[in-house]
Amino acid sequence: MYVAVKGGEAAIRNAHKLLADRRRGDRDVPAIELNQIVEQMSLAVDRVMAEGSLYDPELAALAIKQARGDLIEAIFLVRAYRTTLQRFGYSTALETSKMQIERRISAAFKDLPGGQLLGPTFDYTHRLLDPELAEDGPVDAPEQRDEPEAFTPRVTDILGHDGMIEEDGEMPEGSVAGDLTREPLTFPLERDLRLQALARGDEGFLLGLAYSTQRGYARSHPFAGEIRIGEVDIELEVAELDFPLTLGTIRVTECQMVNQFKGSAKQPPQFTRGYGLVFGQSERKAMSMALCDRALRARELGEDITATAQDEEFVISHSDNVQSTGFVEHLKLPHYVDFQAELDLIRRMRAEHERKHQTGEEAKEAAE
Amino acid sequence: MIKENNQSTETGNVPDLERKAAMALLAQATAPEIAAFWAGWGDKPDVETLRGPETGLVMLRGRIGGGGAPFNLGEATVTRATVRLGNGAVGHAYALGRHREKVRLAAVFDALWQQPDCRDAVEKAVLAPIAERLEQQRALKHAQTAATKVDFFTMVRGDD
């Protein structure tokens, strides 16, 4: 029998009040400030900006504070916030070749113009916890080296000249970059839409898929051709002015993955590429994105689709952590009526089963 | 939309490039910095706000492979404002972030910069200090990054 019920307003109100209290924690401990989160939890801020798909460090910090450090909850908050704002337009495409570089490495080419710049990396640390960080001790100023500034070309541009490596990806003449925030996705996708989805995709999900390609599921022998992190200018064309305006700079991480090279009837063998570009400093995400981008190009490159990482519909449909968490976590909401219906169904099935069993027994006895 | 009466609509003409550079600096001013410049500005004009300051989104675009076809990377918050001074001069400003008062003041300085009799003062009192700070930050970052450059040494071979 279906009985409509409602209730729980007071419980919900009190639960939210309790949440606010627990979020704040012990009042004897000073409240964390947004600029502390921006400055000292900057990679968490970067992740929220990347997967929230909204570049604004203060907003991401606020979301992290409100979400008690639950980054997927923070990403959800940022996604919800963006829906309240109007869209002014689309920027001109940012020029990563003109980046002010903070880190730039290539695992494939030792001697490249501009050199290997390690920047602020966790690489080569010993991953030993530092007890001194428990105190707020002084931190030395970084070293400086006087070196003339030089244009630092992308590795793929240096290598591209002799056709050893494929060119940057082009789309058919006259095509406009798809925007999944405006149009629902319909498969199959073009590479531009896949890259948009991957750029906002869950780091952990993409990392796992990227790892699967290394372990042999859609293997493509990747090299980190180049990883660069730094600030790029953002420009916007607006109706009221005749020139593109510079709006400021944002930090991005770019990964050029260089992969194997089968070639085709039309193309001689050459290195193929996967591309990653992510808001903020996030090498792991940019590398995972590049590996997934390369795997998802299977159809375009005429490769057999044998592995999950090559399955565009599977990867892109499940890469968004706000969608994923929404559907997984909705199971917590009351399903009392659904469950009641299934309970009734099982009771009927069991009664049926019992009856058949008994009739069977009786028939057996009669036969004996 | 308020369209300027530019002498030339060709992109890349000198007045446009100069104004583009000026507006780029104003967009990169910090909120306290530009507030201080305004506080120190002598003969303050009447300012009427024609639009905003209002915050919205710009979809930022990357390029496939770094230099190929554009794709949509993700959005950024952007604030814009348009003001008119007492003498009718119109100024615009757009900047990343949500600092409304900063962007309103940037639009005021854009309008002032377009006045031939104010331009020098804006360049000296506002643009030059912003440019200097940005250059110092850039040079410092460059020097700090350069210190992490790997110098490869050829190992002495042990077989002779």
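Residues numbered from 1 in each chain as written. Chains lettered and ligands numbered in written order. Predicted model: local features only at pLDDT ≥ 70, side-chain atom pairs only at ≥ 80, totals over all residues. Heavy atoms only, no water.

Chemist: Tell me about the overall build of chain A, and name the residues and values.
Modeler: Check the secondary structure of chain A and you find twelve helices and six strands. For chain A, the C-alpha radius of gyration of 27 Å lies well beyond 21 Å, the compact-globule estimate for 368 residues. For chain A, with 368 residues in total, the buried portion stands at 40%. If you take every contact in chain A between residues at least 6 apart in sequence, the share linking residues at least 24 apart comes to 64%. With an accessible surface of roughly 22300 Å², chain A has 55% of that area assigned to carbon and sulfur atoms. In chain A, which carries 43 positive and 65 negative side-chain charges, the distance between the mean positions of the two groups comes to 5 Å. (Helix = DSSP H or I, 4+ residues; strand = E, 2+ residues; numbered from the N terminus. Rg over C-alpha atoms; globule rule 2.2 N^0.38 Å. Buried < 20%, exposed > 50% of the residue type's maximum accessible area, 1.4 Å probe, protein only. Contact = heavy atoms within 4.5 Å. Areas by Shrake-Rupley, 256 points an atom, 1.4 Å probe, with all protein chains shown as cover. Lys, Arg positive; Asp, Glu negative; His and termini not counted. Charge placed at Lys NZ, Arg CZ, Asp CG, Glu CD.)

Chemist: Lay out the overall build of chain B with the relevant residues and their values.
Modeler: Helix and strand content of chain B: four helices and three strands. Mapped from its N terminus to its C terminus, chain B presents α and β elements in the order α-α-β-β-β-α-α. A total of 160 residues make up chain B; the buried ones form 49% of that total. Look at the contacts in chain B between residues 6 or more apart in sequence, and 53% of them connect residues 24 or more apart. Carbon and sulfur atoms make up 53% of the accessible area of chain B, which totals about 7800 Å².

Chemist: Describe the pattern of salt bridges, with residues and values.
Modeler: Residues and elements named next belong to chain A. In total, this model carries 45 salt bridges over all chains according to the counting rule given. The salt bridge partner of Lys110 is Asp111, with a shortest N-O separation of 3.2 Å. Among the residues examined, Asp111 registers a relative accessible area of 63% and is labelled exposed. A salt bridge links Arg297 to Glu300; the shortest N-O distance between them is 2.9 Å. (Salt bridge = Lys/Arg side-chain N within 4 Å of Asp/Glu carboxyl O.)

Chemist: So, the environment of Leu296 of chain A: which residues are in play, and what are the values?
Modeler: For Leu296 of chain A, the position within the fold is in the loop between helix H9 (283–295) and helix H10 (312–318). Along the sequence, Leu296 of chain A and Ile316 of chain A sit 20 residues apart, while their C-alpha atoms lie 9.7 Å from each other.

Chemist: Hey, could you go over unusual backbone geometry for me, with residue numbers and the actual values?
Modeler: The step from Phe187 of chain A to Pro188 of chain A runs through a cis peptide bond, and the omega angle for that step is -5°. The omega torsion across Gly52 of chain B and Pro53 of chain B is 0°, close enough to zero to call that bond cis. Relative to the helices and strands, Pro53 of chain B resides in strand E1 (residues 47–63). Positive phi, close to 70°, is recorded for Tyr124 of chain A, a residue that is not glycine. With respect to the secondary-structure elements, Tyr124 of chain A resides in the loop between strand E3 (100–105) and helix H6 (155–160). Tyr124 of chain A sits in the exposed class, given a relative accessible area of 67%.

Chemist: Summarise the interface of chain A and chain B; cite the residues concerned and give the values.
Modeler: Between chain A and chain B, the residue contacts involve 79 residues of the former and 62 residues of the latter. Summing the contributions of chain A and of chain B, the shared interface buries around 6400 Å²; its carbon and sulfur component is 59%. Among the ionic pairs, Lys149 of chain B bridges to Glu147 of chain A, the shortest N-O distance being 3.0 Å. Our count for the contact surface shared by chain A and chain B stands at 36 residue pairs in polar contact (both at pLDDT 80 or more). Note: strand E2 (residues 87–90) of chain A against E1 of chain B, three bridges, orientation parallel. Within the sheet, the bridge partner assigned to Tyr90 of chain A lies in E1 of chain B and is Met59 of chain B. (Buried area = accessible area lost by both parts, 1.4 Å probe. Polar contact = N/O pair within 3.5 Å; in protein donor to acceptor, adjacent residues only side chain to side chain. Pairing = 2+ DSSP bridges.)

Chemist: Can you lay out the environment of Val108 of chain B for me, pointing to particular residues and giving the numbers?
Modeler: Inspection of the secondary structure assignment puts Val108 of chain B in helix H3 (residues 100–113). In contact with Val108 of chain B, other than residues within four places in its own chain, are Trp38, Val47, Val83 and Leu85 of chain B.

Chemist: I'd love a proper account of the pairing of strand E4 (residues 223–236) of chain A, names of residues and values included.
Modeler: Remember that side chains alternate between the two faces of the sheet whenever the strand is regular. All names here are of chain A. Counted residue by residue, E4 has ten buried out of 14 residues, so it is predominantly covered. One ladder, built from 13 bridges, connects E4 with strand E5 (residues 245–259); its direction is antiparallel. Bridging from a neighbouring strand, Val232 pairs with Ile250 of E5.

Chemist: Lay out the domain arrangement of chain A in plain terms, naming residues and giving numbers.
Modeler: Residues and elements named next belong to chain A. According to the domain assignment, chain A consists of domain 1 (9–82) and domain 2 (96–118 + 149–168 + 182–326). Placing a centre on the C-alpha atoms of domain 1 and another on those of domain 2 gives a separation of 29 Å. Taken together, the contact between domain 1 and domain 2 spans 13 residues of the former and 17 residues of the latter. For the pairing of domain 1 and domain 2, the buried interface totals around 1300 Å² over both sides, and the portion due to carbon and sulfur atoms is 57%. Area buried by domain 1 at its contact with domain 2 is led by Glu51, Tyr55 and Arg79, which between them contribute 41% of it. Run the count over domain 1 and domain 2 and you get two salt bridges. In this structure, Arg79 engages Asp320 in a salt bridge whose closest nitrogen and oxygen atoms are separated by 3.0 Å. (Domains from an automatic or database assignment.)

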